[in-house]
Amino acid sequence: HCLAVRAVCQREIDCDRGNGYSWKITLLRNYWKSKVKQEWLSGKYSNIASQLNLPEKSMYPMDVDTWGEILEAELER
């Protein structure tokens, strides 16, 4: 599971592991973030007209670098 999450959140996983978090804590800290980030990166929310149309679980606290990745993906579509 950790490798699947790392495929989407490599920077976050590497940072957590570098800070000494166990694989279990690292997975718990990043699992839902990876799911939400993958949906944004895949374009699932590209054609949403307003925030009212976003599903309840479409948001998750993410850092500026993650939102930058999402924005770059949107600009390339």
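Residues numbered from 1 in each chain as written. Predicted model: local features only at pLDDT ≥ 70, side-chain atom pairs only at ≥ 80, totals over all residues. Heavy atoms only, no water.

A look at the overall build of the chain
- Counting its secondary structure elements, the chain contains four helices and zero strands.
- Along the chain, helices (α) and strands (β) appear in the sequence α-α-α-α when read from the amino end.
- On the principal axes, the C-alpha backbone points of the chain span a range of 40 × 25 × 20 Å.
- Taken over 77 residues, the chain has a buried fraction of 29%.
- Within the chain, counting contacts between residues at least 6 apart in sequence, those at least 24 apart form 59% of the total.
- Element-wise, carbon and sulfur atoms account for 56% of the exposed surface of the chain, whose accessible area totals about 5,600 Å².
- Averaging the positions of the 11 positive and the 11 negative side-chain charges in the chain gives two centres separated by 8 Å. (Helix = DSSP H or I, 4+ residues; strand = E, 2+ residues; numbered from the N terminus. Buried < 20%, exposed > 50% of the residue type's maximum accessible area, 1.4 Å probe, protein only. Contact = heavy atoms within 4.5 Å. Areas by Shrake-Rupley, 256 points an atom, 1.4 Å probe, with all protein chains shown as cover. Lys, Arg positive; Asp, Glu negative; His and termini not counted. Charge placed at Lys NZ, Arg CZ, Asp CG, Glu CD.)

Some details on helix α3 (residues 23-41)
- Roughly 40° is the biggest bend found in α3, and it falls at N30.
- By the burial criterion, the buried members of α3 are T26, L27, N30, K33, S34, V36, K37 and W40.
- Next to the buried residues of α3 lie α1 (2-8), α2 (10-18) and α4 (64-76). (Bend = angle between axes of the 7 residues up to and from the residue.)

As for a nonpolar patch on the surface
- A contiguous nonpolar patch, built from Y21, I25 and L28 and spanning about 280 Å² of accessible area, is present on the exposed surface.
- The residue L28 is located in helix α3 in this model.
- Residue classification places L28 among the exposed residues on the basis of a relative accessible area of 61%. (Patch = residues over 30% accessible without salt bridge, like charges linked within 9 Å, V, L, I, M, F, W, Y side chains within 5 Å. Salt bridge = Lys/Arg side-chain N within 4 Å of Asp/Glu carboxyl O.)

Looking at the confidence of the model for the chain
- Chain-level pLDDT for the chain is 90 on average; 100% of the residues reach the 70-or-more range.
- α1 is the least confidently modelled element of the chain, averaging 89 in pLDDT, while α2 averages 93, the highest of any element. (pLDDT = per-residue confidence, 0-100.)

Some thoughts on the state of the cysteines
- In this structure the tally under the stated criterion is zero disulfides.
- Between C15, a free cysteine, and C9, which holds the nearest cysteine sulfur, the sulfur-to-sulfur gap is 12 Å. (Disulfide = S-S within 2.5 Å.)

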